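Per-entry structural report
Here's the letter readout for the chains.
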Amino acid sequence: MKKIAVILGGCGTKDGSEINETVIKEGYEGITLVMDYLEDINRELQAINSYLVVRKGDVVAYEGEQLTEQIKALGIVSDDIITVNMSLKSIGKIDNSEKTTAEVFIDAARDAVSDGLLIIPAHTYSNIREGPVFNIRTTMPCIGAVPTVAVKMANEAYDRGDKSCVRSFHVSHSVVAFGKKAYEYTADDAKAKTPAPYFGSYGKLERYNAKILLIGVDFRNNTFIHMIDEYFAPEEL
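Right, let's walk through the structure included here. (Residues numbered from 1 in each chain as written. Predicted model: local features only at pLDDT ≥ 70, side-chain atom pairs only at ≥ 80, totals over all residues. Heavy atoms only, no water.)

Thoughts on unusual backbone geometry
Both trends apply: most residues other than glycine have a negative phi, and most peptide bonds are in trans. Condition: Strands are runs of DSSP state E lasting at least 2 residues, helices are runs of H or I lasting at least 4, and numbering of each runs from the N terminus.
Of note, the phi angle at Asn209 is positive, near 55 degrees, even though the residue is not glycine. Within the fold, Asn209 resides in the loop between helix H8 (201-207) and strand E8 (211-215).

Structure, rendered in structure tokens:
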């Protein structure tokens, strides 16, 4: 498997470059022995008070354009494929009366990778336990506001025939992809019989040299780890 970048928004005990270097190095070396290395990596991430734009007590409101520039400042370029695991409250307040913070964040992230892909997890593992039927339009995510807004955007895109915003067909671990190749990227999820198969959206993060943004969360929220579990120990699923 190739090296994959894990990027944390903002900085805490170290500057951003040190954080990225440490996480990438340890994540790569530990890729074949995930459980041996995961605790060490997670302790490193938990030591970081990660805020994308500002720390608590600093500027309390900003505009979407500023957010786009901050995402780019993390080393994101326009043709990147990125996926985001985040705590929405960690990015602070948005100065926009017409859109929610989740909507502004998604728009900002899309602008940052305007020639690439934005992948938003839209997991439903809790919801399908309560009602064991997955409906790609009406089964909402169980993991927060940004995924829920992303699914609503995918529904609207489907209604107008727009394939640049697509929700994948996966019972428990769907994603919403934004970008010109969104449909092609997500199509194989429909074949999945496990949460994160290598041929699906999470495996493609590795094959396409994607970048993972962890914003206000630590490594426990990185779904990519589950793909590694399946790749190296499928007999334990």
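Some thoughts on the nonpolar core
Counted only if it meets this: Put simply, a nonpolar core is a bunch of buried Ala, Val, Leu, Ile, Met, Phe, Trp, Tyr and Cys residues held in one set by side-chain atoms that sit within 4.5 Å of each other. Each residue is placed in one exposure class: buried if its accessible area under a 1.4 Å probe, protein chains only, is under 20% of its type's maximum, exposed if it is over 50%, and partly exposed if it falls in between. In this analysis, two residues are considered to be in contact whenever any of their non-hydrogen atoms come within 4.5 Å of each other.
Residues Val84, Phe105, Leu118 and Phe178 are the most contacted members of the largest nonpolar core, which totals 32 residues. Secondary-structure elements contributing two or more residues to this core are helix H3 (64-73), strand E3 (81-86), helix H4 (101-112), strand E5 (117-121), helix H6 (145-159), strand E7 (175-178) and E8. Residues contacting Val84, with those up to four places away along its chain left out, are Phe105, Leu118, Ile119, Ile120, Pro121, Leu213 and Ile215. Counting 20 residues, the second largest nonpolar core, distinct from the first, contains Val166, Ala182, Ile225 and Ile228.

Considering the environment of Phe178
Examined against the element boundaries, Phe178 turns out to sit in strand E7. Not counting chain neighbours up to four residues away, the residues in contact with Phe178 comprise Ile106, Arg110, Gly116, Leu117, Leu118, Ile120, Ala150, Met153, Ser164 and Cys165.

Notes on the packing of aromatic side chains
The condition is simple: The pairing test for Phe, Tyr and Trp rings, Trp by its six-membered ring, is centres within 6.5 Å, and the orientation test on the planes gives stacked under 30 degrees, edge-to-face over 60, and tilted for anything in between. In this scheme, Lys NZ or Arg CZ marks a charge over a ring once it lies within 6 Å of the ring centre and within 35 degrees of the ring normal.
If you walk through the whole model with that rule in mind, you get 4 aromatic pairs. Ring geometry for Tyr198 versus Tyr231: centroids 4.8 Å apart, planes at 55 degrees, classification tilted. Taken together, the residues span a long stretch of sequence, with Tyr198 in the loop between helix H7 (182-186) and H8 and Tyr231 in helix H9 (residues 224-232) at a distance of 33 residues. Given a relative accessible area of 28%, Tyr198 falls into the partly exposed group. Relative to Phe232, the ring of Tyr231 has its centre 4.9 Å away and its plane inclined at 75 degrees; by these criteria the two rings are edge-to-face. Joined through ring pairs, the aromatic side chains of Tyr198, Tyr231 and Phe232 make up one cluster. The aromatic ring of Tyr185 is capped on one face by Lys204, whose charged end is 5.5 Å from the ring centroid. One cation-aromatic arrangement involves Arg207 over Tyr198; the distance from NZ or CZ to the ring centre is 4.8 Å.

Some words on the pattern of salt bridges
Applicable threshold: Between Lys or Arg on one side and Asp or Glu on the other, a salt bridge is scored when a side-chain nitrogen of the former is within 4 Å of a carboxyl oxygen of the latter.
One pass over the structure, following the stated rule, counts 7 salt bridges. We note a salt bridge from Glu69 to Lys72, for which the minimum N-O separation is 3.8 Å. Taken together, the residues span about one helical turn, with Glu69 and Lys72 both in helix H3 at a distance of 3 residues. A salt bridge links Asp188 to Lys204; its shortest N-O distance comes to 3.3 Å. Of this pair, Asp188 sits in the loop between H7 and H8 while Lys204 is found in helix H8, placing the two residues 16 residues apart along the sequence. Each of the salt bridges in this network shares a partner with another, and the network as a whole consists of Asp188, Lys191 and Lys204.

Some remarks on the packing of H4 against H6
Definition in use: Inter-axis angles, ranging from 0 to 180 degrees, are taken between N-to-C directions of lines fitted to C-alpha atoms, where helices are fitted over the stretch in contact. Put simply, angles under 35 degrees are roughly parallel, angles over 145 are roughly antiparallel, angles from 65 to 115 are roughly perpendicular, and the rest are oblique. Each residue is assigned to one of three groups, with Ala, Val, Leu, Ile, Met, Phe, Trp, Tyr, Cys and Pro labelled nonpolar, Asp, Glu, Lys and Arg labelled charged, and all others, Gly among them, labelled polar.
Relative to each other, H4 and H6 sit at 70 degrees, their axes nearing to 9 Å. Taken together, the axes of H4 and H6 are roughly perpendicular relative to one another. Where H4 abuts H6, its residues Ala102, Glu103, Phe105, Ile106 and Asp107 lie against Ala145, Val146, Val149, Ala150 and Met153. Here the contact of H4 with H6 is built from residues that sort into 8 nonpolar, no polar and 2 charged.

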